[in-house]
Amino acid sequence: MAQHLQHILSQWHPARDQCRWVLGTVIDVQGSNYRKAGAMILVNEFGQYHGLISGGCLEKNLLNEVKKVLSYDRPSQVVYDSSEQGDAPWAMALGCGGRVTILLQPVTSANHYHQLDLLFLALQKREPVSYAIHVGESFAVAKNILLSIRDVQSLGADITQTGIHTNCQGEALLVVAVKAQVHLLVFGGGLDAIPLVNMANILGWKITVVDSRYGYALADNFPHAQIFRFAADSIELREILHCIDAAILMTHNLDTDAAALKSLQHSSARYIGLLGPVHRKQKVFKKANLDQVSAPVFGPMGLDIGGDLPESIALATLAECHQVLNARALNTNAYITFNSNANLRVAT
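The structure displayed is predicted, hence computed values, not measured ones. (Residues numbered from 1 in each chain as written. Predicted model: local features only at pLDDT ≥ 70, side-chain atom pairs only at ≥ 80, totals over all residues. Heavy atoms only, no water.)

Caption draft 1: Here's a closer look at the overall build of the protein chain. Helices and strands together make up the secondary structure of the protein chain, namely 10 helices and 17 strands. A buried classification covers 48% of the 348 residues belonging to the protein chain. If you take every contact in the protein chain between residues at least 6 apart in sequence, the share linking residues at least 24 apart comes to 60%. For the protein chain, the computed accessible surface area is about 17,200 Å², with 51% contributed by carbon and sulfur atoms. (Helix = DSSP H or I, 4+ residues; strand = E, 2+ residues; numbered from the N terminus. Buried < 20%, exposed > 50% of the residue type's maximum accessible area, 1.4 Å probe, protein only. Contact = heavy atoms within 4.5 Å. Areas by Shrake-Rupley, 256 points an atom, 1.4 Å probe, with all protein chains shown as cover.)

Right under this line is the structure:
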């Protein structure tokens, strides 16, 4: 079950007026917890919920608190402290000595859904926004709001980081960094792409598969992906190229991979993975006739975790892609080796 905020909101949005809902947000963590500040869950009056705020143990106990919020129709803060209640069943979810504070808020049309509907729309449009939640004394009456980049900067905050900041009225706000669903573009709909697409779906990513060849990219093999039967350099792909985060080239065809790589130079991709060894990558670049690239091209793609089966390659590739997209420390040997051999540079 995907736990990305965009997926959670997509489950809530169609049913937002069909029953009563409560938004639960982790606003403070001391010690250990499976989820950090900013994690959200939406719970309805029937006990159905979307999202996770722990490893799965707090959610069941939280239902009792949600009932109270719905009964009194007002927000409340709930504290789970495993250092004091280590024998409680839910304490298992907090690790060793964890203390978690969760803010519960009724979500109704009367309070404009705490702008969750606007947040959902912004995520769909891939707009850079943050979500601000009052966590000080005003939490009982204040409404959550959407913040633009300028709004976030005025608070002295970083739009990529979640943290507590004070506004000009002296009110404490938890400014939650939100990111749109990762959009992965896969060139090549062969059998070896199936585990990669399936794993990406489990991660909650949006996946588009492109392959114009007969017998490839069959709908039955890729039920969780949007499939386009366009050529890799077709005009029809241009709109998609501007709303992707990553691309993987695995057509097993030099000409097609070269055409795809060239098309990606006009894309928003921050990660490009190329299947095959270094010498094949050199051939692809030569055919593409590129002297610089808009984003690092990783080839052989994937972290060096061992294994040569499609499932292992998929795991290694998505782990590397995830690492790049989240700006974690990289082992870029695959990229640097080729870059130095071919005098290729990344455009800045």
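Okay, back to it.
Caption draft 2: Region of the structure containing the pattern of salt bridges. Within the structure shown, the criterion is met by eight salt bridges. Glu 65 is the partner of Lys 68 in a salt bridge, and the nearest nitrogen-oxygen pair spans 3.6 Å. With Lys 68 and Glu 65 both in helix H2 (residues 57-72) and three residues apart, the pair spans about one turn of that helix. Between Arg 280 and Asp 257 there is a salt bridge whose closest N-O contact spans 2.9 Å. You can see Arg 280 sitting in helix H8 (residues 278-288) and its partner Asp 257 sitting in helix H7 (residues 254-263), a full 23 residues away along the chain. (Salt bridge = Lys/Arg side-chain N within 4 Å of Asp/Glu carboxyl O.)

Caption draft 3: Structural view of the packing of helix H1 (residues 5-12) against helix H3 (residues 116-124). Where H1 meets H3, the closest approach of the two axes is 10 Å, and the angle between their N-to-C directions is 125 degrees. Judged on the interaxial angle alone, H3 and H1 are oblique. Where H1 crosses over H3, the two elements pack in a sense that is left-handed. Note on element contacts: H3 touches H1 through Leu 116, Asp 117, Leu 119, Phe 120, Leu 123 and Gln 124, opposite Leu 5, Gln 6, Leu 9, Ser 10 and Trp 12. (Axes fitted to C-alpha atoms, helices over the stretch in contact; angles between N-to-C directions. Parallel < 35°, antiparallel > 145°, perpendicular 65-115°, else oblique. Left-handed = near helix turned anticlockwise from the far one by under 90°.)

Caption draft 4: Broad picture of the packing of helix H5 (residues 193-202) against helix H9 (residues 310-325). Running from N to C, H5 and H9 point in directions that differ by 45 degrees, and their axes come no closer than 8 Å. Judged by the angle between their axes, H5 and H9 are oblique. Two packed elements cross with a definite hand, and for H5 against H9 that hand is right-handed. For the pair H5 and H9, contact is made by Pro 195, Leu 196, Met 199 and Ala 200 and by Pro 310, Glu 311, Ala 314, Leu 315, Thr 317 and Leu 318, respectively. Residue classes in the contact of H5 with H9 are distributed as eight nonpolar, one polar and one charged. (Nonpolar A, V, L, I, M, F, W, Y, C, P; charged D, E, K, R; others polar.)

Caption draft 5: Spatial organisation of the sheet that holds strand S1 (residues 21-30). Pairing in this open sheet of five strands is antiparallel, and the strands run S3-S2-S1-S5-S4 from one edge to the other. The sheet is open, and its two borders are formed by strand S3 (49-51) and strand S4 (76-81), each paired with just one other strand. The sheet shows a mean angle of 20 degrees between the axes of neighbouring strands, taken without regard to direction. Of the pairings in the sheet, the one linking strand S2 (residues 40-44) to S3 comprises three bridges and is antiparallel in character. (Pairing = 2+ DSSP bridges.)

Caption draft 6: Examining H3 more closely. Buried within H3 are the following residues: Leu 116, Leu 119, Phe 120, Ala 122 and Leu 123. For H3, the angular spread of the buried residues around the axis is 165 degrees, confining them to a single face. Each element contacted by the buried residues of H3 is listed here: H1, S1, S2, strand S5 (99-107), strand S6 (130-134) and strand S7 (145-147). Just downstream of H3, Arg 126 is the residue with a positive phi angle, here 60 degrees. (Arc of directions from axis to C-beta.)

Caption draft 7: The arrangement of the nonpolar core in detail. In this structure, Leu 9, Leu 42, Leu 116, Leu 119 and Tyr 131 are the most contacted members of the largest nonpolar core, which totals 27 residues. The element best represented in this core is H3, accounting for five residues. One finds Val 186, Val 209, Ala 217 and Leu 325 within the second-largest nonpolar core, a separate group that totals 26 residues. (Core = buried A, V, L, I, M, F, W, Y, C linked by side-chain atoms within 4.5 Å.)

Caption draft 8: Representation of the packing of aromatic side chains in the model. Scanning the entire structure with this criterion turns up three aromatic pairs. Both rings, one in Phe 228 and one in Phe 230, keep their centres 5.2 Å apart while their planes meet at 15 degrees; by these two values the pair is stacked. The class for Phe 228 is buried, based on a relative accessible area of 18%. The ring of Tyr 113 has Arg 16 lying over it, and the distance from NZ or CZ to the ring centre is 5.9 Å. When the ring centre of Tyr 216 is taken as origin, the NZ or CZ atom of Arg 213, which lies over that ring, is 3.9 Å away. (Phe/Tyr/Trp six-rings, centres within 6.5 Å; stacked < 30°, edge-to-face > 60°. Lys NZ or Arg CZ within 6 Å of the ring centre and 35° of its normal.)

Caption draft 9: The pairing of S6, seen in detail. Across the five residues of S6, five count as buried, placing the element largely inside the fold. The alternating pattern of S6 places Ser 130, Ala 132 and His 134 and Tyr 131 and Ile 133 on opposite faces, both of which are buried. Strand direction decides the pairing type here: S6 and strand S9 (residues 172-177), joined by five bridges, are antiparallel. Each residue of the ladder has a partner; that of His 134, found in S9, is Leu 173.

Caption draft 10: Structural view of the sheet that holds strand S8 (residues 163-166). Read across the sheet, four strands follow the order S7-S6-S9-S8 without closing on themselves; strand pairing throughout is antiparallel. Each of the sheet's edge strands pairs with one partner strand only, and the pair in question is S7 and S8. When the angles between neighbouring strand axes are averaged without regard to direction, this sheet yields 35 degrees. Here S6 pairs with S7 via three bridges, running antiparallel. Paired with Ala 132 across the bridge in S7 is Ile 145.

Without other data, these values stay purely geometric and don't point to any function.
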